[in-house]
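Reading the structure
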Amino acid sequence: MPCSAVTLSLATITSIIAVALLAIAFATDNWLYIEVKRTNIQNYLSKHSDTQSQALLESVNAKYYYYTRTKGLFRICYPKERPPAVKTYLSPVETHCNNINYYLSDDNNETRDFTDDAWARLHMGRSMIALFSLAFVAVFAAFCTGVTGCWRRSPSNITATAILMLLACLLSAGGMGLWHGVEYYEKEKVVGEEFYQQWSNILQENTEFMYDWSFVLGWLGVFTSLAASFMFFFGSCCLSNEKEKEQLNNVQYIMPVYPQKQQYAYAGYPVPAPQAYAGPYYTAGSAYGPYNY
């Protein structure tokens, strides 16, 4: 079996897997699992009846960040208890969620009190979504060039497909990097009361952060798209070598055409004029004409 057929088949399968992994990661809400040990917090507050504890107890029952949750690119979901004061809806996988606000249309001027760190976090979050979206556009373009290249057996189209898959890999890797930047700002910078640095001490002590399966699928999609790009580059090289061999084999069956000697035998010399036909040679008056029986 030709090298190009095997390589392009593997590259196509790898590309499909990469797109599937990135799409699942992009659409699901299990990037970060935040477990809040509400029982420990409630037990602590029940032993303290001062004013500060009472105010904290109200927050425990009302604020969403006192509840165990999973966080994705677009939604925060509550797999266990859900906060009664937060308006939620059922996601496609039947969990109660609320949307993450990227303030694309800030009609109520809710960002007026944002600090520089809060603005940096917001811009990184918006850019992250934009990079993932551009990565899917690059994958669609790679699909078009890949189908054309396989149909026409064109090394240049396959090379373009490899470049587009590499671009998709870089864009999605940039999106993953920005997601880590957002995560760092939410945990290490003062960007709002719902984030780690402005939590109460009891909440910080009873909260655990864990990367979830959507996060793993996102990085797997990045590395798989990189592998697909290398396979397309290798397939393009194989296809070029095969086309060169075909051209060399076809040269052996081409018949050379040489000029006829008669065309140049009397070049430059006068040619005598043609003579009239003298007729058949036989004796005049014979009864049998030209035939002699």
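Residues numbered from 1 in each chain as written. Predicted model: local features only at pLDDT ≥ 70, side-chain atom pairs only at ≥ 80, totals over all residues. Heavy atoms only, no water.

Identification of the protein as Claudin domain-containing protein 1 from Zophobas morio is taken from an unreviewed UniProt entry. Among the UniProt annotations of the protein, the heading Subcellular location (unreviewed entry) holds the following wording: "Membrane". (UniProt positions renumbered as here; feature names shortened; annotations may be inferred.)

**Details of the side chain of Asn 98**
When you line up the elements, Asn 98 lands in strand 5 (residues 96-99). Of note is the side chain of Asn 98, whose polar atom sits 2.8 Å from the side chain of Tyr 78. Contact partners of Asn 98, with chain neighbours within four places excluded, come to Phe 74, Arg 75, Ile 76, Tyr 78, Val 86, Lys 87 and Tyr 89. (Helix = DSSP H or I, 4+ residues; strand = E, 2+ residues; numbered from the N terminus. Polar contact = N/O pair within 3.5 Å; in protein donor to acceptor, adjacent residues only side chain to side chain. Contact = heavy atoms within 4.5 Å.)

**What to know about unusual backbone geometry**
Most peptide bonds are trans, and most residues other than glycine sit at a negative phi. Even without being a glycine, Tyr 103 presents a positive backbone phi close to 50°. Tracing the backbone shows Tyr 103 in the loop between strand 5 and helix 4 (116-152). One non-glycine residue, Arg 153, adopts positive backbone phi at about 55°. Assignment of secondary structure puts Arg 153 in the loop between helix 4 and helix 5 (155-188).

**A look at the layout of surface pockets**
In this structure, the largest pocket occupies an estimated 460 Å³ of space. Along its surface, the largest pocket is lined by 19 residues, and Tyr 64, Asn 101, Tyr 103, Glu 194 and Phe 195 are the ones closest to its centre. Classifying every residue of the lining of the largest pocket by side-chain character gives nine nonpolar, four polar and six charged. Approximately 260 Å³ is the volume found for the second largest pocket. In terms of lining, the second largest pocket is formed by 14 residues, of which the most central are Thr 12, Ser 15, Ala 142, Phe 143 and Phe 232. Contributions of two or more residues to the lining of the second largest pocket are made by helix 1 (3-27), helix 4 and helix 5. Split into classes, the residues belonging to the lining of the second largest pocket amount to ten nonpolar, four polar and no charged. (1 Å grid on protein atoms, 1.4 Å probe; cavity = no way out; pocket = protein on both sides within 12 Å on 5 of 7 lines; lining within 4 Å. Points joined across faces, edges and corners; volume = space filled by probe spheres on them. Nonpolar A, V, L, I, M, F, W, Y, C, P; charged D, E, K, R; others polar.)

**A few points about the environment of Asp 212**
Of note, Asp 212 is situated in the loop between strand 6 (207-211) and helix 7 (213-251). Remark: the alpha-carbon pair of Asp 212 and Gly 72, spanning 140 residues in sequence, is separated by 9.6 Å. Residues within four places of Asp 212 in sequence aside, it is in contact with Asn 30, Trp 31, Leu 32, Tyr 33 and Thr 70.

**Brief notes about the pairing of strand 5**
Relative to strand 5, strand 3 (residues 75-78) runs antiparallel, the two being bridged by four bridges. Each bridged residue has a counterpart across the sheet, and for Ile 76 the counterpart in strand 5 is Asn 98. Pairing of strand 4 (residues 89-90) with strand 5, which is carried by two bridges, proceeds in the antiparallel orientation. The partner of Tyr 89 across the bridge, within strand 5, is Cys 97. (Pairing = 2+ DSSP bridges.)

**Details of helix 3 (residues 51-62)**
With twelve residues, helix 3 should cover 16 Å at 1.5 Å per step; its first-to-last C-alpha distance of 17 Å lies within 8% of that length. Listed as buried for helix 3 are Ser 53, Leu 56, Ser 59 and Val 60. Along the long axis of helix 3, the arc covered by the buried residues comes to 115°, so they all point the same way. Pointing more than 90 degrees away from the buried face of helix 3 are the exposed residues Thr 51 and Glu 58. (Expected span 1.5 Å × (residues − 1). Buried < 20%, exposed > 50% of the residue type's maximum accessible area, 1.4 Å probe, protein only. Arc of directions from axis to C-beta.)

**Points about the sheet that holds strand 5**
Strands sit in the order 4-5-3-2-1-6 across an open sheet of six strands; the sheet is antiparallel. Strands with a single pairing partner mark the edges of an open sheet, and in this sheet they are strand 4 and strand 6. Where strand 2 (residues 69-71) lies against strand 3, two bridges are found, and the strand directions are antiparallel. Residue pairing in the sheet places Lys 71 in a bridge with Ile 76 of strand 3. Those strands touched by helix 5 are strand 1 (32-36), strand 2 and strand 6, and its axis lies near 175° from that of strand 6. (Axes fitted to C-alpha atoms, helices over the stretch in contact; angles between N-to-C directions.)

**Observations concerning the side chain of Glu 183**
Relative to the assigned elements, Glu 183 resides in helix 5. Although Glu 183 lies buried, it forms no salt bridge, and the closest oppositely charged side chain, Lys 187, sits 6.2 Å away as judged by the N-O distance. Here Tyr 211 takes part through its side chain, which lies 3.0 Å from a polar atom of the side chain of Glu 183. Setting aside anything within four residues of it in sequence, one finds Glu 183 in contact with Leu 32 and Tyr 211. (Lys, Arg positive; Asp, Glu negative; His and termini not counted. Salt bridge = Lys/Arg side-chain N within 4 Å of Asp/Glu carboxyl O.)

**So, the pattern of salt bridges**
All chains considered together, the criterion is met by six salt bridges. In this structure, Glu 81 and Arg 38 form a salt bridge, with 3.5 Å as the shortest nitrogen-oxygen distance. In this pair, Glu 81 sits in the loop between strand 3 and strand 4 while Arg 38 sits in helix 2 (residues 38-46), placing the two residues 43 residues apart along the sequence. Notably, a salt bridge pairs Glu 186 with Lys 71, separated by 2.7 Å at the nearest N-O pair.

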